[in-house]
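# Remarks on the overall topology
Here's the letter readout for the chains.
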Amino acid sequence: MDHTQWMQLGTQLHKAGQPEQSLMAFEKALAQMPDDVNTASACAALLSELGRPVAAYKILLTVQTRLLEDADGSANLAIAAEACGDLAAAGKAYHHALLLNPTHLRALNNVGLLAARNLQWPLAIGCARQCVALAPDQLAHHLHLADALCGARNFAQALTTLKTASGQFTNSAELLVRQVVVLAFLAEFEASNNLMKSLKATERDELQYFLGNTSADLPDAHQLYLGQAFEAMAVCDWAEHNQLTDVIRQLLADCKASGQARDWRGAAFHALALDLPESDITQIRRLSAPALKVGDPGTLPAFVHKPRLGDDSRIHIGWVVQSLQDERYAAALQQQLALHDATRFAIHIYPPAPQPPTHVNLLKPHVTSVAAIAHMTDAEAAGRIRLDRLDLLADMTQHTSWYRPAIYEMRVARLQITARAWHRQHAPSAFDHSLSDNWVHSDGLDSNLFEAVVRLPHSCWLAAQRNARLQAVTRQQAGMPEDRFVMCCLVSPGSLDPFSFGVWMKILRSLPDAVLWLPNYDLTTATHLAREAQSAGVNSGRLLFAANMTHEDLLACMHCADLFLDTLRINAAQGVADALRAGVPAISCSGNSMSSRWGGSILRSAGMADCVFDTAPDYMAKALRLGRQPDAMTALRERLQASQSSAPFFDAAARVKDVEMAWSQMVRRSNAGFKPAAFDVAECSPMNRVVP
């Protein structure tokens, strides 16, 4: 058979529903004419259909020069490259297709989708608008435009787009469910909820799919609004901050009036960055509690503490930790575990997600067991943890996506504590104790309300973190100007609030030669911060963003900075600790929430109590004095360097002993039959006595 006959046979076999046999025929044809673009494209199409994108891409690369002669061929090559994850090559091929034909529909559409994936919203919107203009009868283009507008947070335009398209595509469930969501994003709660109630069963399924929601219940309009608002905060988009605050206040009032419970795990953290008092945030947690108790105990019996068998007299401690996917967190955990006394304490780790074996192996030499619980139901996880017969379980995940409160409601250990909380005031919970210190709870506030507070003698933020290898880095290498006063802050964008940033901008306006060095934030976050700086009267060029580098290199670069500025509402606790270990002085301003007092706790225990302030004006005044008086800045840096050999914060081993002392006291009291009560570790009696 000749080339033409093999191609005809392949086409017939494909129409007959025999793709494997069709591919064989096309491959015979390609063997006879390996440079034929149509034959190579036919083979590639069949390979893609059969789930072999790499093989398809390789075949197209053999005729790449011919494919790039026209827009269709270039687009086909780009699609194959994209399917194999070669996005750089895909982008070049799409761009080439548009150079050949600026109105090539497939290339325009896919360039827009790639731009949306990379959060390049202006490009995504522009491409989608062109596609709608070129092919207004294709629903997908209208959907892509609405989605891109939502990505850019242009919700009003997105709603207009959806309503216009609905007049043309009258029975589109995809358009309808997007209107439900966008109305919620616009805080039009009644309209959104009413439209949601009118959805048919198939349309409700479409909404579940669009939201990626796996639960049986659909979120209401308020939940949709809060979700997108919190996502905006995570990239420092503060345009809705005031409206969000008002919505939360109104929801609090409605919930208190109706007694309705809400799962507000996200609000319990993000509300800390809003202009809300601690009492309101406590109410959020209080009203969330009933909704969070969703675990199904099934056949799990009531908890009964069972003494450990054998001659193991150690105290068994369980830690439910955050994900170990982050190497920095896993390494920091490993360093802390290595400091614990393995002869007195047996530690069990319960990570909430599948973990990299290398990170788990870091911990294994220092623990009794590591048992992942991500794949388990709440009841299964509770049953697994009970098998270890723990004396005490410490939760280290509160108010993160890994927090699973239903497990603790089933009671998995005789004592359950929060090892690290965001609040000083506590709502009712299944925890017996909360660890703090005598600065975070300097007045003993709520020390016996629900969770009895145990105050460590120094900072409750342990210094047992991975030590940076501080190599000799120049300011030029760090991307910092040689002749400027360089202030810095290492904090996740979700913990950076507009009040703190506004204070920093006032400092920059008063110090015209100063700059602010920040982490390597993504483009979206950096763009939002640049916009906020310009609005505050500060040239955005005075915000310097670090290059993409390892954490050790980041700390080595930070060593070149003059002063670390702590955030005011949610302290950059780990950032403060890293700065002090890198020899960079820091200033902090303590508020009322636990999250706003960690920085002060760290600085005081590091011998830098004079760098902790009660008000934002005092915090600003200190920064201005140091920026204007180089000698004072040098003296402060030298004092910090001297304190690293003697201040309590830097003695990680001693701080771990403080925690062990707290554990021992809690367990001894429980063994003696005493109920949980607040106490100060510094005032504990000798180890052989039990104090009520």
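Higher on the page you've got the structure.
For every chain, the first residue of the written sequence is number 1, and numbering continues from 1 along that sequence. Note on the predicted model: pLDDT of at least 70 is required for a residue's local features to be given, and 80 or more for side-chain atom pairs to be given and counted; whole-chain, interface and lining totals, by contrast, use all residues. Water and hydrogen atoms were dropped before computing side-chain values, which therefore reflect all heavy atoms in the structure.

### Considering the nonpolar core
Definition in use: Nonpolar cores were defined as sets of buried Ala, Val, Leu, Ile, Met, Phe, Trp, Tyr and Cys residues, with membership established by side-chain atoms within 4.5 Å. Only protein chains enter the calculation, and the probe is 1.4 Å; a residue is then buried if its accessible area is under 20% of its type maximum, exposed if over 50%, and partly exposed in between. The criterion used for residue contact is that any of the two residues' heavy atoms lie within 4.5 Å.
Counting 110 residues, the largest nonpolar core has Trp319, Trp504, Trp517, Met558, Phe564 and Tyr619 as the members making the most contacts within it. Discounting chain neighbours no more than four positions away, the residues touching Met558 are Met480, Cys488, Leu490, Trp517, Phe564, Asp578, Ala579, Ala582 and Val584. Grouped together as the second largest cluster of nonpolar side chains are 59 residues, Ile125, Val181, Phe185 and Trp264 included.

### Let's talk about the packing of aromatic side chains
Note on aromatic pairs: each is described by the distance of the centres and the angle between the planes. Quick note on the threshold: Paired rings are identified among Phe, Tyr and Trp, the last through its six-membered ring, by centres lying within 6.5 Å, and are further divided according to the angle between planes into stacked (under 30 degrees), edge-to-face (over 60) and tilted (the rest). Counting from the N terminus, the helices are the DSSP runs of H or I reaching at least four residues and the strands are the DSSP runs of E reaching at least two.
For the coordinates displayed, the defined rule picks out eleven aromatic pairs. Note on Phe189 and Tyr225: the rings are 5.5 Å apart at their centroids and 90° apart in plane angle, and the pair reads as edge-to-face. Of this pair, Phe189 sits in helix H13 (residues 189-197) while Tyr225 sits in helix H15 (residues 221-233), and the two are 36 residues apart along the sequence. Each member of the pair, Phe189 as well as Tyr225, carries the same accessibility label: buried. Taken together, the aromatic side chains of Trp238, Phe501 and Trp504 make up a single cluster linked through ring pairs.

### A word on unusual backbone geometry
Residue Arg153 is not a glycine yet carries a positive backbone phi of 65°. By the element assignment, Arg153 lies in the loop between helix H10 (139-151) and helix H11 (155-168). In the Ramachandran plot, Ala187 falls in the positive-phi region, its phi being about 65° despite a non-glycine side chain. Topologically, Ala187 is positioned in the loop between helix H12 (173-185) and H13.

### Here we look at the sheet that holds strand S2 (residues 345-350)
Threshold: Two strands are said to pair when DSSP picks up at least two bridges between them.
Pairing within the open sheet is parallel, and its eight strands lie in the order S3-S2-S1-S4-S5-S6-S7-S14. Bordering the open sheet on either side are strand S3 (369-370) and strand S14 (679-680), each of which pairs with just one other strand. Looking at chain direction, strand S4 (residues 392-395) and strand S5 (residues 415-418) are connected through four bridges and run parallel. Bridge pairing in S5 links Ala394 to Ile417.

### Some words on the pattern of salt bridges
How we decide: Salt bridges are defined as contacts in which a side-chain nitrogen from Lys or Arg sits within 4 Å of a carboxyl oxygen from Asp or Glu.
Overall, the coordinates contain 19 salt bridges when judged by the stated rule. In this structure, Arg117 engages Glu82 in a salt bridge whose closest nitrogen and oxygen atoms are separated by 3.2 Å. Here Arg117, found in helix H8 (residues 105-117), pairs with Glu82, found in helix H6 (residues 71-83); they are 35 residues apart in sequence, far enough to count as distant. Linking Arg384 and Asp388 is a salt bridge whose minimum nitrogen-to-oxygen distance equals 3.0 Å. Where salt bridges share partners, they join Arg153, Asp237, Glu240, Arg531 and Glu532 into one cluster.

### With respect to the state of the cysteines
Using the following cut-off: The rule for a disulfide is simple: a pair of cysteine sulfur atoms within 2.5 Å.
Following the criterion strictly, the structure yields zero disulfides and no others. Of all cysteine sulfurs in the structure, the one in Cys557 sits closest to Cys560, which takes part in no disulfide; the separation is 6.4 Å.

### Concerning the side chain of Thr39
Counted only if it meets this: Identification of polar contacts relies on pairs of N or O atoms within 3.5 Å, with a donor-acceptor requirement for protein atoms, meaning one able to donate a hydrogen and the other able to accept it, and with residues adjacent in sequence counted only if both atoms are side-chain atoms.
Tracing the sequence through the fold places Thr39 in helix H3 (residues 37-49). A distance of 2.6 Å separates polar atoms of two side chains, one belonging to Thr39 and the other to Asp36.

### Looking at helix H31 (residues 652-671)
The test is simple: Between the first and last residue of a helix there are one fewer steps than residues, each counted as 1.5 Å, and that sum is the expected span.
In this model, H31 (20 residues) spans 29 Å end to end at C-alpha, consistent with the 28 Å of a helix rising 1.5 Å per residue. Phi turns positive, to about 90°, at Gly673, one or two residues after H31.

### Brief notes about the environment of Thr397
Along the chain, the position of Thr397 falls in the loop between S4 and helix H22 (405-409). Given a relative accessible area of 1%, Thr397 falls into the buried group. Taking the C-alpha atoms as reference points, Thr397 and Pro351, separated by 46 residues in sequence, lie 9.8 Å from one another. Engagement of the side chain of Thr397 in a polar contact is seen with the side chain of Asp395, the distance being 2.9 Å.

### Section: the sheet that holds strand S10 (residues 543-545)
In a beta sheet, neighbouring strands are held together by backbone hydrogen bonds and run either parallel or antiparallel to one another. Cut-off, in case you're wondering: Axis definition: a line fitted to C-alpha atoms, over the contacting stretch in the case of helices. Angles run 0 to 180 degrees between N-to-C directions.
The parallel open sheet is built from six strands, whose spatial order is S10-S9-S8-S11-S12-S13. Looking along the sheet, the strands with just one partner apiece sit at the ends: S10 and strand S13 (612-613). Where strand S8 (residues 485-488) and strand S9 (residues 514-518) come together, four bridges link them in parallel fashion. Paired with Val486 across the two strands is Val515, which belongs to S9. Packed onto the sheet, helix H25 (residues 523-535) meets S9 and S10 and runs at close to 170° relative to S10.

### A closer look at the pairing of S4
Covered by surrounding structure in S4 are Leu392 and Ala394 together with Leu393 and Asp395, the residues of both alternating faces. As paired elements, strand S1 (residues 315-320) and S4 share four bridges and run parallel to each other. Bridged to Trp319 within S4 is Ala394.

### Looking at the packing of H10 against H11
Our working rule: Angles are sorted into four bins: roughly parallel if under 35 degrees, roughly antiparallel if over 145, roughly perpendicular if 65 to 115, and oblique for all others. By the definition used in this description, the sense in which the near helix is turned from the far one sets the handedness, with an anticlockwise turn below a right angle giving left-handed and a clockwise turn giving right-handed. Polarity classes work like this: nonpolar for Ala, Val, Leu, Ile, Met, Phe, Trp, Tyr, Cys and Pro, charged for Asp, Glu, Lys and Arg, and polar for all others, with Gly in that last group.
Orientation of H10 relative to H11, taken along the N-to-C sense of each, is 165°, at an axis distance of 8 Å. Taken together, the axes of H10 and H11 lie roughly antiparallel to each other. Judged by the twist between their axes, the crossing of H10 over H11 is left-handed. Only Phe155, Gln157, Ala158, Thr161, Leu162, Ala165 and Gln168 of H11 make contact with H10, whose side of the interface consists of His142, Leu145, Ala146, Leu149 and Cys150. Here the residues of the contact of H10 with H11 sort into eight nonpolar, four polar and no charged.

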